[in-house]
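# Working through the structure, step by step
Here are the chains, one letter per residue:
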Amino acid sequence: KNQVEQSPQSLIILEGKNCTLQCNYTVSPFSNLRWYKQDTGRGPVSLTIMTFSENTKSNGRYTATLDADTKQSSLHITASQLSDSASYICVVSFNTNAGKSTFGDGTTLTVKP
Amino acid sequence: GAVVSQHPSWVICKSGTSVKIECRSLDFQATTMFWYRQFPKQSLMLMATSNEGSKATYEQGVEKDKFLINHASLTLSTLTVTSAHPEDSSFYICSALRGAHTEAFFGQGTRLTVV
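Read on for an overview of the structure. (Residues numbered from 1 in each chain as written. Chains lettered and ligands numbered in written order. Predicted model: local features only at pLDDT ≥ 70, side-chain atom pairs only at ≥ 80, totals over all residues. Heavy atoms only, no water.)

### Some words on a nonpolar patch on the surface
All names here are of chain B. Residues Trp10, Ile12 and Val115 make up a contiguous nonpolar surface patch of roughly 380 Å² in combined accessible area. Examined against the element boundaries, Ile12 turns out to sit in strand E2 (residues 10-13). Look at Ile12 and you get exposed, because its relative accessible area is 53%. (Patch = residues over 30% accessible without salt bridge, like charges linked within 9 Å, V, L, I, M, F, W, Y side chains within 5 Å. Areas by Shrake-Rupley, 256 points an atom, 1.4 Å probe, with all protein chains shown as cover. Salt bridge = Lys/Arg side-chain N within 4 Å of Asp/Glu carboxyl O. Helix = DSSP H or I, 4+ residues; strand = E, 2+ residues; numbered from the N terminus. Buried < 20%, exposed > 50% of the residue type's maximum accessible area, 1.4 Å probe, protein only.)

### With respect to the side chain of Thr107(A)
Residue and element names in this part refer to chain A. Mapped onto the elements, Thr107 comes out in strand E11 (residues 107-112). A distance of 2.6 Å separates a polar atom in the side chain of Thr107 from the backbone oxygen of Pro8. Excluding residues within four positions of it along the chain, Thr107 makes contact with Gln6, Ser7, Pro8, Gln9, Ser10, Leu21, Ala86, Ser87 and Tyr88. (Polar contact = N/O pair within 3.5 Å; in protein donor to acceptor, adjacent residues only side chain to side chain. Contact = heavy atoms within 4.5 Å.)

### Details of the pairing of strand E5 (residues 45-51) of chain A
All names here are of chain A. Note that strand E4 (residues 32-38) and E5 share six bridges and pair antiparallel. Following the sheet pairing, Lys37 is matched in E5 by Val45. The turn joining E4 and E5, which pair antiparallel and follow one another in sequence, is formed by six residues; a positive phi near 75° is taken by Gly41. (Pairing = 2+ DSSP bridges.)

### Points about the sheet that holds strand E8 (residues 76-81) of chain B
The strands that make up a sheet pair up through hydrogen bonds in the backbone, lying either parallel or antiparallel. All names here are of chain B. Pairing in this open sheet of four strands is antiparallel, and the strands run E1-E3-E8-E7 from one edge to the other. Strands at the two margins of the open sheet, each flanked by one partner only, are strand E1 (4-7) and strand E7 (67-73). Between one strand and the next, the sheet's axes are offset by a mean angle of 15°, whatever the strand orientation. By the bridge criterion, four bridges tie E1 to strand E3 (residues 19-25) in an arrangement that is antiparallel. Counted as the bridge partner of His7 is Glu22 from E3. (Axes fitted to C-alpha atoms, helices over the stretch in contact; angles between N-to-C directions.)

By themselves, these figures tell us nothing about what the structure is for.
Structure, rendered in structure tokens:
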């Protein structure tokens with residue numbers, strides 16, 4: 001069964017600090033891995049998308065890494081801001097149809113002043 | 001980036017009535033759209049795949065007669081929750097595929113409350 005596991009389930013950090021969120025998956029065959037940010041009551045917004053051959057991708061203060069051999073990905077947030085408080089969801093596609101994907105349960109990040 | 005718009009953002013309806021939710025891709029054509037529902041503090045659950053010009057494909061356990069999906073054009077898919085009941089109250093989100101099907105863009109979601 002294809003699975004995507006995220007950790008930690010929740011995280012509280014102080015404004016300005018860095019943090020790293022983890023995503024382990026068993027999806028096979030692998031097509032791409034995406035990180036989304038979902039604010040409460042809103043739809044997910046894409047942060048990064050990586051294919052099998054990509055090891056890292058950045059989007060501003062967000063940097064995602066991918067190790068396709070160990071099937072692990074991480075999302076690193078630098079110099080956190082209060083607006084970073086949200087749920088971060090890891091989504092792995094097992095074919096070229098991006099909608100047919102396996103969603104992680106998300107990590108809820110709270111940034112406190 | 002690509003924009004997907006959902007309407008309405010929230011709706012309250014009486015039990016037994018039907019509610020239609022629209023999903024539009026504003027600046028690209030989407031032959032495939034997806035509908036999800038999300039309960040509080042849970043992940044998105046795929047309900048169905050909406051294909052332009054053909055019948056939707058429903059996931060196991062999703063009643064096609066209760067959740068009617070119509071994808072009449074390359075920019076619009078609609079989800080109609082028929083004879084809604086309180087247990088249908090949820091957050092419904094659509095997504096649309098752009099280009100070579102490598103990325104899906106999500107709508108802002110619709111909060112449905114059935115009273």
